[in-house]
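Next come the chains, spelled out residue by residue.
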Amino acid sequence: MKQKLTDIIKKNFTNSLYFYKYLKYKIFIVVGLSILVGILDGFGLTMFLPLLQMVSGDTAIDPSSMSGLGFLITNVQDIGIPINLYSILLMMLFFFIAKGAITYYSLVYKVVLQQSFIRKLRLEMISLINRMKYKVFVKSDVGRIQNTLTGEVNNVVNSYVYYFQAFQEGVLVAVYMSFAFFVDFQFAILVSIGAYISNYSYKYLYRLTILESKKITKSSHSYQGLIIQFIANFKYLKATGLSSYFTQKMQENIYEIENSRKKIDVLSAILSSAREPMLIAIVVAVILIQVLLFSGSLGGILISLLFFYRALNSLTTVQTAWNRFLSVSGSLSNVQNFQNELKSAIETNGTYNFTKFNKKLQIVNADFAFDNYTVLYDINLEINKNETIALVGESGSGKTTLVNILAGLLPLNSGNYYIDDLVSTDLNISSFQQRIGYITQEPIIFNDTIYNNVTMWAEKNAQNIERFNIAIQKASINDFINSLKLKEESLLGNNGINLSGGQKQRISIARELYKDIDILIMDEATSALDSETEKDIQNNIDMLKGRYTIIIVAHRLSTIKNADRIVFMNKGRIEAIEPYNNLLNVNQSFKRMVELQEL
């Protein structure tokens with residue numbers, strides 16, 4: 001039991017520190033405002049004591065009859081204000097108006113803090129993803145990442161709201177309990193007993209809520225993953241009649257989430273419906289105890305009941321808010337764990353900022369492995385500035401992995417990678433990657449205008465428009481764009497649905513050329529195109545030859561005939577590096593590939 005209590009305290013302290021990390025001292029302002037609201041409310045309620053004495057016929061108000069709160073009347077008398085019905089009513093009005101003003105400010109301040117919290121949380125999450133090692137990312141659960149960045153972050157914001165609602169109401173309970181001690185010591189004891197009984201009856205419901213919250217988080221991760229796969233593979237699933245099977249799997253996941261949410265809502269309904277009957281039951285018990293056992297005065301009992309009602313009302317609000325917090329606590333734990341994982345996967349960077357590629361890329365005696373599986377062995381490769389290099393080989397030979405290393409996406413396990421005679425680990429790798437253009441088999445097209453796709457949402461000023469026009473001319477896509485009614489403001493649709501395969505690739509090429517790059521990487525960039533379109537794209541590449549350092553990964557050997565050198569890879573090793581005709585004569589494996597493709 002002691003250990004369990006220690007764990008709860010430790011967990012709550014951890015949660016408080018987590019919120020404090022984002023909001024700092026502002027949390028204490030919220031707490032201070034809550035205390036002030038409780039004190040002003042308590043002072044206002046205290047004014048009912050002298051008011052009741054006046055109603056009962058007492059002409060003189062005895063401050064000692066108000067126990068520890070009599071100082072309010074004494075201070076008023078000391079400054080020369082007579083104590084009568086009007087002054088008591090005015091004091092009561094003052095305290096409740098002041099309470100209302102502080103409550104308003106407190107609510108507005110909490111809204112400001114809430115928006116500040118969600119902004120800082122989202123910015124940090126995006127920043128951590130941006131700095132995440134690519135090697136870690138490729139092994140990550142994409143559904144979990146998407147769900148955490150969207151639904152889970154919103155749930156964490158709700159957890160913040162509920163957590164501090166429970167905390168603030170807890171502060172009010174403490175304030176009202178303090179007033180209760182001043183007015184009637186026995187009453188305070190009764191409040192403590194009532195609070196314990198009420199809280200004990202809620203513990204089982206809290207435990208069930210936590211379990212269902214964790215189930216929802218797990219099911220939501222799975223659902224987001226299925227959604228991503230369903231959209232990405234929609235064409236295949238639809239064409240093969242498998243979409244109904246995949247839809248059924250998604251439906252099962254939806255039912256799991258629904259059942260967990262129903263259970264949480266039922267538990268919340270129990271807590272809400274039991275709240276007032278439990279409160280009234282304790283109030284009745286307090287009245288009987290005060291009258292039958294302690295022979296309390298009517299005035300004292302009524303004021304005690306006011307404080308008692310306020311305290312228990314805040315207590316039940318604490319319990320409801322706490323249960324709501326527990327219902328999203330699984331999301332809070334998930335986001336905290338996810339952030340820790342991202343922080344442990346932050347890409348390490350050197351300090352040297354790369355500005356221009358001038359000489360060569362060189363890999364020396366390098367190996368690379370994923371976990372315990374070695375992908376590349378003893379790689380030695382040198383690529384000179386403005387040289388066109390092609391990587392060829394069977395599937396699984398390591399071509400794409402080698403390209404990822406050249407692009408700074410994957411760090412070597414052994415050996416060195418030099419960029420202009422600088423070791424890659426000494427570089428700020430992001431500054432180097434800004435000099436790289438990367439075109440994949442499936443072109444990256446955003447659901448936006450042509451201009452924003454090419455310029456990545458650059459401001460539409462004269463300088464950027466000129467750069468845009470130069471880029472689309474180099475990519476041979478300017479005639480198509482100018483033929484459109486809205487020209488560069490034409491929307492491309494989801495994943496470029498309004499474009500052909502060749503047009504998508506040209507848009508991708510234009511984007512990379514707009515960046516003012518030194519190195520252009522084309523990873524199977526033409527393999528999904530028909531022969532005629534492939535030839536057109538190849539002509540574009542040939543026009544860029546000698547102006548950029550071009551690295552091509554290709555299965556179709558017809559696209560790399562004009563490369564300066566061809567790197568032939570087999571089972572993770574470089575077997576030969578030669579111009580096309582030389583390689584055809586010295587490497588039998590490459591020769592067989594050429595013969596199979598009937599070149």
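Computed from a predicted structure; not experimentally measured.

> How do you make sense of the overall build of the protein chain when you look at a structure like this?
Scanning the protein chain for helices and strands turns up 21 helices and ten strands. Expressed as a percentage of its 599 residues, the buried residues of the protein chain come to 45%. Considering only contacts within the protein chain whose residues lie at least 6 apart along the sequence, 77% involve residues at least 24 apart. Here the protein chain displays about 30600 Å² of accessible surface, and carbon together with sulfur accounts for 58% of that area.

> Is there a simple way to think about the packing of helix 2 (residues 26-46) against helix 5 (residues 85-130) in this case?
Axis angle and axis distance: for two packed helices, these are the angle between their axes and the distance between the axes, and together they describe the pair. Close contact between helix 2 and helix 5 brings their axes to 9 Å; oriented N to C, the two are set at 160°. Comparing their axes, helix 5 and helix 2 come out roughly antiparallel. Remark: the crossing between helix 2 and helix 5 carries left-handed chirality. Contacts between helix 2 and helix 5 pair Lys26, Ile29, Val30, Leu33, Leu36, Val37, Leu40, Asp41, Phe43, Gly44 and Leu45 from the former with Met92, Phe95, Phe96, Ala98, Lys99, Ile102, Thr103, Tyr105, Ser106, Tyr109, Lys110 and Leu113 from the latter. Its residues assigned to classes, the contact of helix 2 with helix 5 shows 16 nonpolar, three polar and four charged.

> Explanation requested: the environment of Thr348 in the structure shown.
Position of Thr348 relative to the elements: it lies in the loop between helix 12 (329-344) and strand 1 (360-370). For the pair Thr348 and Met132, spaced 216 residues apart in sequence, the C-alpha to C-alpha distance is 9.4 Å.

> Looking at this structure, how should I read the pattern of salt bridges?
It is possible for side chains bearing opposite charge to pair when their charged atoms get close. Scanning the model with the defined rule gives 15 salt bridges in all. For Glu258, the salt bridge goes to Lys262, with nearest N and O atoms at 3.4 Å. Of this pair, Glu258 and Lys262 both sit in helix 10 (residues 243-293), four residues apart, roughly one helical turn. Residue Lys262 is classed as partly exposed on the basis of its relative accessible area, which comes to 46%. Within the structure, one salt-bridge network assembled from shared partners comprises Lys356, Arg435, Asp516 and Asp518.

> What's the story with the nonpolar core in this structure? I'm lost.
In a soluble, globular protein the nonpolar side chains are often hidden away together inside. Grouped together as the largest cluster of nonpolar side chains are 41 residues, with contacts concentrated most on Phe468, Ile507, Ile560, Ile566 and Phe590. Here the element with the most residues in this core is helix 18 (residues 501-514); it accounts for five residues. Apart from residues lying up to four places away in sequence, Ile507 is in contact with Ile445, Ile450, Asn453, Val454, Ile477, Ile481 and Leu499. With 31 residues, the next largest nonpolar core counts Val375, Leu381, Ile429 and Met569 among its residues.

> Looking at this structure, how should I read the pairing of strand 2 (residues 373-384)?
Pairing analysis gives eight bridges linking strand 1 to strand 2, with the strands arranged antiparallel. Following the sheet pairing, Phe370 is matched in strand 2 by Tyr373. Here strand 1 folds back onto strand 2 in antiparallel fashion, the turn holding two residues, of which Asp371 has a positive phi close to 55°.

> How should I be thinking about the packing of aromatic side chains in this particular structure?
A ring pair, where both rings are aromatic, is described by two values, the distance of the centres and the angle of the planes. Using the criterion set out here, one finds 23 aromatic pairs in the structure. Between Tyr163 and Trp322, the ring centres sit 6.0 Å apart and the planes meet at 45°, which makes this aromatic pair tilted. Taken together, the residues Tyr163 in helix 7 (residues 142-183) and Trp322 in helix 11 (residues 298-327) connect sequence positions 159 residues apart. Here Tyr163 falls in the buried class, since its relative accessible area comes to 5%.

> Any chance you could explain the sheet that holds strand 5 (residues 422-423) here in plain terms?
Within a sheet, neighbouring strands are paired by backbone hydrogen bonds and run either parallel or antiparallel to one another. Strand order across the open sheet formed by four strands is 2-1-4-5, with antiparallel pairing between neighbours. Two strands lie at the open edges of the sheet, namely strand 2 and strand 5, each paired on one side alone. Helix 13 (residues 399-406) rests against strand 1, strand 2 and strand 4 (414-419) of the sheet, and its axis sits at about 60° to strand 2.

> It is not clear to me how the sheet that holds strand 3 (residues 388-393) should be interpreted in this structure. Could you clarify?
Taken in spatial order, the six strands line up as 6-7-8-3-9-10 in an open sheet, and their pairing is mixed. Each having just a single partner strand, strand 6 (436-439) and strand 10 (573-578) make up the two edges of the open sheet. Within the sheet, the average angular offset between the axes of one strand and its neighbour, ignoring direction, is 15°. Taken together, the four bridges between strand 6 and strand 7 (residues 519-523) define a ladder with parallel strand orientation.

> I'm lost on the side chain of Ser159 in this one. Help?
Position of Ser159 relative to the elements: it lies in helix 7. On the basis of relative accessible area, Ser159 is assigned to the buried category, the value being 0%. For Ser159, the contacting residues outside a window of four places in its chain are Phe19, Phe325, Val328 and Leu332.

> Would you explain a nonpolar patch on the surface in this entry?
Together, Leu17, Tyr20, Tyr25, Phe28 and Ile29 make up a nonpolar patch on the protein surface, roughly 510 Å² of accessible area in all. Inspection of the secondary structure puts Tyr25 in the loop between helix 1 (2-23) and helix 2.

> How should I be thinking about unusual backbone geometry in this particular structure?
We note that Ser476 has phi near 55°; this positive angle belongs to a residue other than glycine. Position of Ser476 among the secondary structure elements: in the loop between helix 16 (462-474) and helix 17 (478-483).

> Would you explain helix 21 (residues 588-596) in this entry?
Residues three or four positions apart in an α-helix share a direction because the helix packs 3.6 residues into each turn. All of the buried residues in helix 21 are Phe590, Met593 and Val594. Around the axis of helix 21, the buried residues are gathered within 100° of arc, so they sit on the same side. In helix 21, the exposed positions angled more than 90 degrees off the buried face are occupied by Glu595 and Leu596. Where the residues of helix 21 are buried, they touch strand 3, strand 9 (565-570) and helix 20 (580-586). Near the N-terminus of helix 21, the side chain that reaches the backbone nitrogen of Ser589, with its oxygen 3.1 Å away, is that of Asn587.

> What exactly am I supposed to notice about the side chain of Lys504 here?
Among the structural elements, Lys504 can be located in helix 18. Here Lys504 falls in the buried class, since its relative accessible area comes to 16%. Not counting residues up to four positions away in its chain, the partners in contact with Lys504 are Pro443, Ile445, Asn495, Gly496 and Leu499.

Calculation criteria
Residues numbered from 1 in each chain as written. Predicted model: local features only at pLDDT ≥ 70, side-chain atom pairs only at ≥ 80, totals over all residues. Heavy atoms only, no water. Helix = DSSP H or I, 4+ residues; strand = E, 2+ residues; numbered from the N terminus. Buried < 20%, exposed > 50% of the residue type's maximum accessible area, 1.4 Å probe, protein only. Contact = heavy atoms within 4.5 Å. Areas by Shrake-Rupley, 256 points an atom, 1.4 Å probe, with all protein chains shown as cover. Axes fitted to C-alpha atoms, helices over the stretch in contact; angles between N-to-C directions. Parallel < 35°, antiparallel > 145°, perpendicular 65-115°, else oblique. Left-handed = near helix turned anticlockwise from the far one by under 90°. Nonpolar A, V, L, I, M, F, W, Y, C, P; charged D, E, K, R; others polar. Salt bridge = Lys/Arg side-chain N within 4 Å of Asp/Glu carboxyl O. Core = buried A, V, L, I, M, F, W, Y, C linked by side-chain atoms within 4.5 Å. Pairing = 2+ DSSP bridges. Phe/Tyr/Trp six-rings, centres within 6.5 Å; stacked < 30°, edge-to-face > 60°. Patch = residues over 30% accessible without salt bridge, like charges linked within 9 Å, V, L, I, M, F, W, Y side chains within 5 Å. Arc of directions from axis to C-beta. Polar contact = N/O pair within 3.5 Å; in protein donor to acceptor, adjacent residues only side chain to side chain.

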